[in-house]
Amino acid sequence: MVPKGLARAAVRFKQAAFVGTFVALMMAAMIVSARGILLETGVRAGVPPQRYASAPVVAATPSS
C-alpha cells in the first residue's frame, strides 16, 4: 500500500515526529492567544485616579 501524499507518509512512517510537530504548533497557538488576550486586556483596562485617592504616598516614574 503506497501512501498518497507527503502528509500521509509522514504520519505512517514517523508518528513521533508528527505528534511532536502537532504539539509544538498547538503550544505556539496557545502562547500567541495568551499574549493577544493580555495585550487586549492592557489596552482596554484603565485604572481610575480615584483608586489612589486614599493612599498616603504614590510612587511613580517621571513621564518624559
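This is a predicted model, so every value here is computed, not measured. (Residues numbered from 1 in each chain as written. Predicted model: local features only at pLDDT ≥ 70, side-chain atom pairs only at ≥ 80, totals over all residues. Heavy atoms only, no water.)

(A) Region of interest: the overall build of the protein. Within the protein one finds 2 helices and 0 strands. The buried share among the 64 residues of the protein stands at 0%. (Helix = DSSP H or I, 4+ residues; strand = E, 2+ residues; numbered from the N terminus. Buried < 20%, exposed > 50% of the residue type's maximum accessible area, 1.4 Å probe, protein only.)

(B) Region of interest: a nonpolar patch on the surface. A surface patch of nonpolar side chains, amounting to about 740 Å² of accessible area, comprises Val11, Phe18, Val19, Phe22, Val23, Met26, Met27 and Met30. Element by element, the count of residues in the nonpolar patch is highest for helix H2 (residues 15–44), at 7 residues. Position of Met27 among the secondary structure elements: in helix H2. (Patch = residues over 30% accessible without salt bridge, like charges linked within 9 Å, V, L, I, M, F, W, Y side chains within 5 Å. Areas by Shrake-Rupley, 256 points an atom, 1.4 Å probe, with all protein chains shown as cover. Salt bridge = Lys/Arg side-chain N within 4 Å of Asp/Glu carboxyl O.)

(C) Quick look at the pattern of salt bridges. Taken as a whole, this structure holds 1 salt bridge when the rule is applied. Glu40 serves as the salt-bridge partner of Arg44, at 2.2 Å between the closest nitrogen and oxygen. You can see Arg44 and its partner Glu40 sitting in helix H2, 4 residues apart, about one turn around the helix. Residue classification places Arg44 among the exposed positions, given a relative accessible area of 69%.

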